[in-house]
Each structure stands twice: as structure tokens, then as C-alpha cells.
Amino acid sequence: HPEVAEIDKAQYETGDGPCVHAFSTGYPVVIDSTREGGPYPKFREVALRHGIGSVMSVPMSTGAQIVGALNFYAPNDGAFDSGALAAARLFAEQAAFVLLNHQAYWDARSLGESLQQAMESRAEIEQAKGIIMATTGCTPDEAFDQLRQQSRHQNVKLREIAAEIVRNTQRRAEPRGESGHL
């Protein structure tokens, strides 16, 4: 519901609300009536203004790790009994596993892409080192140091410096015109 963001904002701005409490402690919070006094007065005020009578917040945990918290809102007072709380806790636990699996997938994908890029960059870096060694007569370590220094000096990634060296060398090696003369 579009108003949920505004209701939640009240607790995130103050750092005081049922969702924040459930997340930080790992314990569920049930507000039977936002009309009555109690903890989280600013949150209660905003929730009541938006027609929320009761609130239930449950931590999303996978045992020892808390990865978030879920809020459940109802327009009437006393909407969440022990059965609703038990169901919400089960749902939150499953949601936590989905969230962690989602994060693990994207972390693994990002790592795979980084490794692929590193493998591709390594070939160009090795080629650039070879070019530097051939033109200056230096050792592989000295060639790599030259690449690294140029990278720092120009504030450009080392793999980009290496790729530029390889491209420039290829351009110089390409024949100009049909006769094959340079």
C-alpha cells in the first residue's frame, strides 16, 4: 500500500519503532492498539493518522543471523493473535532464507564476472609486459612496475593502460596501404 512507506518512515527517521526493535533484538513486537499510549509514540501517531489500528513486526532470521524485519498492519485494534504471530514468524523465516539465497546468488554472479574480467585483463597485462620488455630490455617485474607506475600517474586502471599499450602496438604493426609498406 502506498501509505506504508510514510508509516515506516516515522520509525526509520527516529530509529524507534516496532520494526526497528524487532530487527535489533530478534524479538517480535505486537502493538494491539495504536490509539493507546505505549512505546514508539511518534510511530503510533503516524500509523493512527493513516488508519492503522494494530501492528505486528517480526524479525527475519535464519537462526543466529537477522537479515531484516517484516511489518504487518491492520485497520482494527487487536488484529494479531498468537496464531497470526506464529504464522508471521514462519513466513519471516522463509523470507529470510529467500533473501539470503538471493544475495548469495548475486554475490556469486558478481564474483564470477570479476574473475572473468580478471582473466581477460591478465592476458592483456601479460601482452603489455611483453611489449615493454621487448622495447626496453627490462625484466618482467620491471615491466609490471612500469605499468603500475603509469596507472598511478594517470589515475587509470592498470588493465586499461595495458589494453592501450597493446592497441597502440597493434596499430603500429598494421600495414598502411596495399603495398604493405609502413
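Quick notes on the rules
- Residues numbered from 1 in each chain as written.
- Predicted model: local features only at pLDDT ≥ 70, side-chain atom pairs only at ≥ 80, totals over all residues.
- Heavy atoms only, no water.
- Buried < 20%, exposed > 50% of the residue type's maximum accessible area, 1.4 Å probe, protein only.
- Helix = DSSP H or I, 4+ residues; strand = E, 2+ residues; numbered from the N terminus.
- Arc of directions from axis to C-beta.
- Contact = heavy atoms within 4.5 Å.
- Core = buried A, V, L, I, M, F, W, Y, C linked by side-chain atoms within 4.5 Å.
- Pairing = 2+ DSSP bridges.

Enquirer: An account of helix H3 (residues 41-49) is requested, with residue identities and associated values reported.
Expert: Within H3, the full set of buried residues consists of Phe43, Arg44, Val46 and Ala47. In an axial view of H3, the angular spread of the buried residues amounts to 170 degrees, which keeps them on one side of the axis. Of the exposed residues in H3, those oriented more than 90 degrees away from the buried face are Pro41 and Arg49. Check the buried side of H3 and you find it contacts helix H1 (3-14), helix H2 (18-25), strand S1 (29-31), strand S2 (54-61) and strand S3 (66-74). Of the residues flanking the end of H3, it is glycine 51, one or two places downstream, whose phi is positive at about 80 degrees.

Enquirer: Can you break down the nonpolar core residue by residue, with the values?
Expert: Ile125, Ala128, Ile131, Ile132, Cys138, Ala143, Leu147, Leu158, Ile161, Ala162, Ile165 and Val166 together form the largest nonpolar core, which totals twelve residues. Counting only elements with at least two residues in this core, the list comes to helix H4 (82-136), helix H5 (140-154) and helix H6 (158-173). It is H6 that provides the largest number of residues to this core, a total of five residues. With near-sequence residues (within four places) excluded, alanine 128 lies in contact with Leu147, Ala162, Ile165 and Val166.

Enquirer: Which residues make up the pairing of S3, and what values go with them?
Expert: Relative to S3, S2 is paired through eight bridges, and the arrangement is antiparallel. Note that in S3 the partner of serine 61 across the bridge is isoleucine 66. The antiparallel pairing of S2 with S3 creates a hairpin that spans four residues between the two strands, and glycine 63 there sits at a positive phi of about 105 degrees.

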